[in-house]
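What follows is each chain in one-letter form.
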Amino acid sequence: MKTYHKKRYIKIFAVLIISLCLFNMFASEVKAEKESGQTILSNKKICTLIVLDRVSINDIEKLPNLKKLIEKGSIGLMNTKCAGNFEPAGCYLTIGAGTRASASGKGKLALMEYEIHNGFKGEKIYKNLTGNEVYGKILVPEIPLLIEENLKQDHEIVPGLLGETLKSSGITVSLIGNADTFDEKNRLAALTAMDGKGQIFNGKIDINPIYDEESPFFFTTDYESMYDEYLKLRSLGGLIVVYIGDSVRADEYYKLSDKTRGYSLRFNSLKKADTFIGKIINTVNFSRELLIVVTPFPSYWSIKNKEYLTPLIISGSNIKKGLVISDTTKRPGIVANIDVAPTILSFFDLKVPYPMLGKAIKSITYTNTLSYLINLNKKITMNYIARPYIIKTYVFMQIFGVILFLSYIFKLFFVNPNWLIYFFMFNLTVPAALLFPFIFETISLSNKILILTLTSFIITVISILISKTPKNPIYSITFICIATFLLISFDLLFHAKWMKNSLLGYDVIGGARYYGIGNEYMGVLFSSTIMGISSLFEIAKVNESFKKVIMGLLFFTIFFLISSPYFGSNVGGAIASFSAFLTTYILYFYKISDYKIYIKYFVISSIVLAIILIIFCKFGPQSHLTLLVFSLESQGLKPLYLVVIRKLSMNYRLFKYTPWTKALLFSLLTLLILMKWPVGFFKKMNQNYPFLFKGIAGTSFGTFLALVFNDSGIVAAATSMIFSCLPVLILSIKEIGERR
């Protein structure tokens, strides 16, 4: 028995000795790593999200530690758009929701549970406003107002969805830092980190800034305390949001101060922030952690210069050195603010929940990234500034041409018919001219206008020269229409590289679309295709069976380019173009009164469309179409209802404000006048150009559906009317001139 106890004591003693040795080894490693700026962790994953607000891509060039971070990872420009009014709170809330959210200025106030505000503890204020039990250290009392505000929007939004998803999966969320001034609390980063009830599990946002007479508002962030808190929070793992308030205070101060003085103070503040970020960079283990530096809202100077894209830097696990990219944009160097939350969730191996619409940020290898993005930002900004000037001028030219045309047919004053024809031909060439990439490469607005004018002029001259007889412009119309749809189709085959940067393409800053074919060129493509092949059949005498084959193949190819997730990825455009093509095809080759034909083609078309949809959803890349289908599978009809509401509200806004509305209405009015006056004129035109007028009927039906089924249906309808209206006006001038 004594031998047994003796062996037992020896075992216990041996275990104690081994444990003590292991403890000493661990302690010495901790000490060594802390002295070198590193921290030993458990196996918990850590994502550090540094919120460095109100900085631009140009500022990064002056900040050495951020440049050092770029050398470790990837950088890009981020679209900062939110729902509702464009303001900081909405942008912070958008990052945390993973979809565009609206805050209407609410959400600046966040409190520690013990913090006194207006004589009351944060815990009591929060409970009084929400009725929720407190479980987090940081509270956002205005969460009920934020939820109510987002229920008014035309799509589903869940404020705090990022924090809620992490909390539900047992992952800790922490927040440190503030942008407080002497008279106001500014804790907007809480909108990014909070959960669905407006609470954050851990952190410290009441770290008092240090008094400094050489800092904006006499305050600078207590970076030592911030760093100590950061090290403590790392032991918990999870998401740590670090809010650097100095950049916000410096930007606000810049608005009020002498600009030279304000610039100096702002630069000093950014240098301090950069030094602090350098310490965090030295702490992070990039082989297993993720570090993101994000700018939710542009600086005062950036907004003044229309530079709404902000920098985003990401480094860590599975991130290459180069440019960021995401499936939201599919554009190297461009991501959206809604992509930040899915990126964090993906890092923690969590599924991105509905209704988050963003996609995880990835990286592609690229060199000289910073200089490339600075140059790209200039071009995108210049396009954004130039777009309204050029589009309004183009719309004015169309309206002016229509007024001249009406003056000509009603003999209000003398108008040279040949010059009017040339003017309409010039207008017809503009969409094709706007596609050429050298217009985007030009920074100056005046140079853009000059190059565009010269390009359209050259195309117009070529179209006139190939016309067999000056008195018959049908050859010129055929050339312009065919050249237009071939150029657009060629560009789509190469992933719309020209269209992405065209003034008639989609706007990166507006952020309605980043890839595929936008509604402007979608309207141009299907209408120029129909009018091009119709006018070609007016001058080329070929047998009917050949026409059927050529038209069927062409229409299917263009429909595929518009609808395919690999190319156009435009759902509304697919519906409009398919209907326009099918209507035109039936009008060409069958009697209108034969209803069996309509039924036959409707059934065949439905089967073909269903097969294409299944193939795209199962095997194709993610697109607007596939996202809608997957949403319908998981959420029922609600996503479809939200899409319809969004499209109606968008078209209503555009109808009131876009210049394209005037172009559409003037075009429709002119065609209606031609149908009634001169008497019998439209009927004679129909007899002289039967194929062309059947094409106009098919295009008109597609125009109507483009108006109904697209977010910016007004725009799609107006651009499609260019190619159904202007050829009619050109040929009408010829016919009226012959009558006289």
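Residues numbered from 1 in each chain as written. Predicted model: local features only at pLDDT ≥ 70, side-chain atom pairs only at ≥ 80, totals over all residues. Heavy atoms only, no water.

Right, let's talk about the overall build of the chain for a bit. In terms of regular secondary structure, the chain is built from 28 helices and 17 strands. In the chain, which comprises 740 residues, the share counted as buried stands at 56%. Within the chain, counting contacts between residues at least 6 apart in sequence, those at least 24 apart form 76% of the total. With the model as given, the accessible surface of the chain reaches about 32,700 Å², and the carbon-plus-sulfur share is 65%. (Helix = DSSP H or I, 4+ residues; strand = E, 2+ residues; numbered from the N terminus. Buried < 20%, exposed > 50% of the residue type's maximum accessible area, 1.4 Å probe, protein only. Contact = heavy atoms within 4.5 Å. Areas by Shrake-Rupley, 256 points an atom, 1.4 Å probe, with all protein chains shown as cover.)

Turning our attention to the pairing of strand S13 (residues 290-294). Counting buried residues in S13 gives 5 out of 5 residues, a clear majority hidden from the surface. Burial along S13 is two-sided: Leu290, Ile292 and Val294 facing one way and Leu291 and Val293 facing the other are all buried. Bridging between S13 and strand S14 (residues 310-316) involves 5 bridges; their strand directions are antiparallel. Each residue of the ladder has a partner; that of Val293, found in S14, is Ile313. (Pairing = 2+ DSSP bridges.)

Here Thr295 lies in the loop between S13 and helix H12 (300-304). A polar side-chain atom of Thr295 sits 2.8 Å from the main-chain carbonyl oxygen of Leu52. Look past the residues within four positions of Thr295 in its chain and what remains in contact with it is Leu52, Asp53, Arg54, Val55, Met78, Thr80, Thr310 and Pro311. (Polar contact = N/O pair within 3.5 Å; in protein donor to acceptor, adjacent residues only side chain to side chain.)

Looking down a regular strand, the side chains alternate between one sheet face and the other. Burial within strand S1 (residues 46-51) is extensive, with 6 of its 6 residues counted as buried. What you see with S1 is no split at all: Ile46, Thr48 and Ile50 on one side and Cys47, Leu49 and Val51 on the other are buried throughout. Here S1 runs beside strand S12 (residues 238-243); their pairing, made up of 6 bridges, is parallel. What sits directly across from Val51, in S12, is Tyr243. Summarising the sheet, S1 and S13 pair through 5 bridges and their orientation is parallel. Counterpart to Leu49 in the pairing with S13 is Ile292.

Another aspect to go through is the pattern of salt bridges. What the rule picks out here adds up to 24 salt bridges. Arg54 is the salt-bridge partner of Asp53, the closest N and O atoms lying 3.5 Å from each other. In this structure, Asp53 and Arg54 share a single accessibility class: buried. Between Lys152 and Glu149 there is a salt bridge, with the nearest N and O atoms lying 3.7 Å from each other. Overall, Glu149 belongs to the buried group, its relative accessible area being 9%. Residues joined by salt bridges that share partners form a network here, namely Asp53, Arg54, Asp251, Glu252 and Lys255. (Salt bridge = Lys/Arg side-chain N within 4 Å of Asp/Glu carboxyl O.)

Turning our attention to the sheet that holds strand S3 (residues 111-112). Working definition: the strands of a sheet are paired by backbone hydrogen bonds and lie parallel or antiparallel to each other. Read across the sheet, 3 strands follow the order S3-S6-S8 without closing on themselves; strand pairing throughout is antiparallel. Bordering the open sheet on either side are S3 and strand S8 (199-200), each of which pairs with just one other strand. Pairing of S3 with strand S6 (residues 138-139) involves 2 bridges; the strand directions are antiparallel. Bridging across to S6, Leu111 finds its partner in Leu139.

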